[in-house]
Amino acid sequence: MPELPEVETTLRGIEPWLENITIEQVTVRQPKLRWPVEPSVQLLEGQKIRKLSRRAKYILVETDVGTAIWHLGMSGSLRLVEDDEPVAKHDHIDWLLSNGKILRYHDPRRFGALLWQAPDATESEHLDHLGPEPLSEAFDVDYLFQRSCGKSQAIKQFIMDGKVVVGVGNIYANESLFMAGIRPTCAAGKVSKARYEKLVACIKLVLEQAIAQGGTTLKDFVGGDGKPGYFAQELLVYGRGGESCLHCGSTLKEIRQGQRATVYCPKCQR
């Protein structure tokens, strides 16, 4: 599914075309997404977009009457198209913009969402439980080490927990742990502070590289400009189970953790 770099790539792709632009019309063809599309989103019609931002895997679009919150789910994408672009199957929502473009939401599996937050709400129920952003100063070794104390949970599941830190999905957890030399099955509470310091740096580096290269292309993801990401070309372990480690030549091992594929090097990661 689209992870933090893919969502950030989408935001950067659409932001120049949406900020300070008026939403002239909202068309909802399929309201039955992961959560039903609220009728309140029609309030967006005639509203100027004041600001776009990202929180975890959510894209926030702020107007004077409220904030629309997009989530891409497992297969969703937001693209800018011309106003005469034919509507395809699974094109569920359109925003007609005053610049003549359409922001179009496409989602074959319908696990995404368009949520609504009233202007007087302190925070959305979908956002208020989230941990810090991984690229922020709040996410540092002191924070992560303190949160890990006494945890028997495997380190990979620990860093994928959105209440601990947002946006470190399966792909990037695999890659970060490999770069840090930490075996994904290690108990979070047994990892030293020195190793957490390296892990924090690796998480930030992997995500920054992925964002710079446009996210990771798997099956469904395309960015806001309609072009796929290219970080998949740089993956060191994810999707390479049974192949040779690019660092030491050992055979990479693949296991299942929390119903997700985990790939690691038995020699490089301890």
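Details of the structure are given in the entry above.
Rules and cut-offs
- Residues numbered from 1 in each chain as written.
- Predicted model: local features only at pLDDT ≥ 70, side-chain atom pairs only at ≥ 80, totals over all residues.
- Heavy atoms only, no water.
- Helix = DSSP H or I, 4+ residues; strand = E, 2+ residues; numbered from the N terminus.
- Rg over C-alpha atoms; globule rule 2.2 N^0.38 Å.
- Buried < 20%, exposed > 50% of the residue type's maximum accessible area, 1.4 Å probe, protein only.
- Contact = heavy atoms within 4.5 Å.
- Areas by Shrake-Rupley, 256 points an atom, 1.4 Å probe, with all protein chains shown as cover.
- Lys, Arg positive; Asp, Glu negative; His and termini not counted.
- Charge placed at Lys NZ, Arg CZ, Asp CG, Glu CD.
- Pairing = 2+ DSSP bridges.
- Axes fitted to C-alpha atoms, helices over the stretch in contact; angles between N-to-C directions.
- Salt bridge = Lys/Arg side-chain N within 4 Å of Asp/Glu carboxyl O.
- Expected span 1.5 Å × (residues − 1).
- Arc of directions from axis to C-beta.
- Phe/Tyr/Trp six-rings, centres within 6.5 Å; stacked < 30°, edge-to-face > 60°.

Draft legend 1. Spotlight on the overall build of the protein. Across its full length, the protein carries 5 helices and 11 strands. By the compact-globule yardstick of 18 Å for 270 residues, the protein fits well, its C-alpha radius of gyration being 20 Å. Projected onto its principal axes, the C-alpha coordinates of the protein cover approximately 60 × 40 × 30 Å. Within the protein, buried positions represent 49% of all 270 residues. Pairs at least 24 apart in sequence give 64% of the contacts found in the protein among residues at least 6 apart. As displayed, the protein has an accessible area near 12500 Å², and 47% of this comes from carbon and sulfur atoms. Averaging the positions of the 34 positive and the 34 negative side-chain charges in the protein gives two centres separated by 10 Å.

Draft legend 2. View of the environment of His90. Examined against the element boundaries, His90 turns out to sit in the loop between strand S6 (77-82) and strand S7 (91-97). The sequence separation of His90 and Arg29 amounts to 61 residues, and the corresponding C-alpha distance is 9.1 Å.

Draft legend 3. Layout of the pairing of strand S10 (residues 253-257). Sheet analysis places S10 next to strand S11 (residues 260-264), joined by 5 bridges and oriented antiparallel. Across the sheet, the residue bridging to Lys253 is Tyr264, located in S11. Connecting S10 to the antiparallel partner S11 that follows it, the hairpin turn spans 2 residues, and Gly258 within it adopts a positive phi of roughly 55°.

Draft legend 4. Structural context of the sheet that holds strand S5 (residues 66-71). One open sheet holds the 4 strands; their spatial order is S3-S4-S5-S9, and the pairing between them is antiparallel. The open sheet is flanked by strand S3 (51-55) and strand S9 (113-117), the only strands paired with a single partner. Neighbour to neighbour, the strand axes of the sheet diverge by 25° on average, direction disregarded. Direction of pairing for S5 relative to S9: antiparallel, over a ladder of 5 bridges. Following the sheet pairing, Trp70 is matched in S9 by Leu114. Contacting S3 and strand S4 (58-63), helix H1 (residues 4-18) runs over the sheet at an angle of about 180° to S3.

Draft legend 5. Main features of the pattern of salt bridges. Per the counting criterion, the structure on display carries 11 salt bridges. Ionic contacts of the salt-bridge type, sharing partners, join the residues Glu8, Arg12, Arg54, Arg55 and Glu133 into one network.

Draft legend 6. Here's a closer look at H1. Given a rise of 1.5 Å per residue, 15 residues ought to cover 21 Å, and the 20 Å separating the end C-alpha atoms of H1 matches this to within 8%. What H1 keeps buried is the set Leu4, Pro5, Glu6, Val7, Glu8, Thr9, Thr10, Leu11, Ile14 and Leu18. One or two positions beyond H1, positive phi appears at Asn20, with a value near 70°.

Draft legend 7. Quick look at helix H2 (residues 141-148). Residues Val141, Tyr143, Leu144 and Ser148 constitute the buried set of H2. Along the long axis of H2, the arc covered by the buried residues comes to 165°, so they all point the same way. Residues of H2 that are buried in the fold lie against helix H3 (155-159) and helix H5 (193-212). A positive phi of about 80° marks Gly150, the residue just after H2.

Draft legend 8. Inspection of the sheet that holds S6 at higher detail. Pairing is antiparallel in the open sheet, where 5 strands are placed in the order S2-S1-S7-S8-S6. Two strands lie at the open edges of the sheet, namely strand S2 (47-48) and S6, each paired on one side alone. Here 6 bridges tie S6 to strand S8 (residues 101-106), and the two strands are oriented antiparallel to one another. Across the sheet, Val81 pairs through a bridge with Ile102, a residue of S8. Relative to S6, H1 is tilted by about 35°, and along the sheet it contacts S6, S7 and S8.

Draft legend 9. Just the environment of Leu127, in detail. Structurally, Leu127 is set in the loop between S9 and H2. C-alpha separation for the pair Leu127 and Glu85, spaced 42 residues apart in sequence, amounts to 34 Å. Among residues more than four places away in sequence, those in contact with Leu127 are Arg55, Tyr58, Leu60 and Ile69.

Draft legend 10. The arrangement of the packing of aromatic side chains in detail. Counted according to the given criterion, the structure contains 5 aromatic pairs. Summarising the aromatic geometry, the rings of Trp70 and Tyr105 are spaced 5.2 Å apart at their centres and angled 35° between planes, so their arrangement reads as tilted. Pair noted here: Trp70 is in strand S5 and Tyr105 is in strand S8, with a separation of 35 residues, a long-range link. Each member of the pair, Trp70 as well as Tyr105, is classed as buried. Residues Phe145 and Tyr196 carry aromatic rings whose centres are separated by 6.2 Å and whose planes lie at 65° to one another, so their mutual orientation is edge-to-face. Of this pair, Phe145 sits in helix H2 while Tyr196 sits in helix H5; the two residues are 51 residues apart in sequence, bridging distant segments of the chain. Overall, the relative accessible area of 0% leaves Tyr196 in the buried class.

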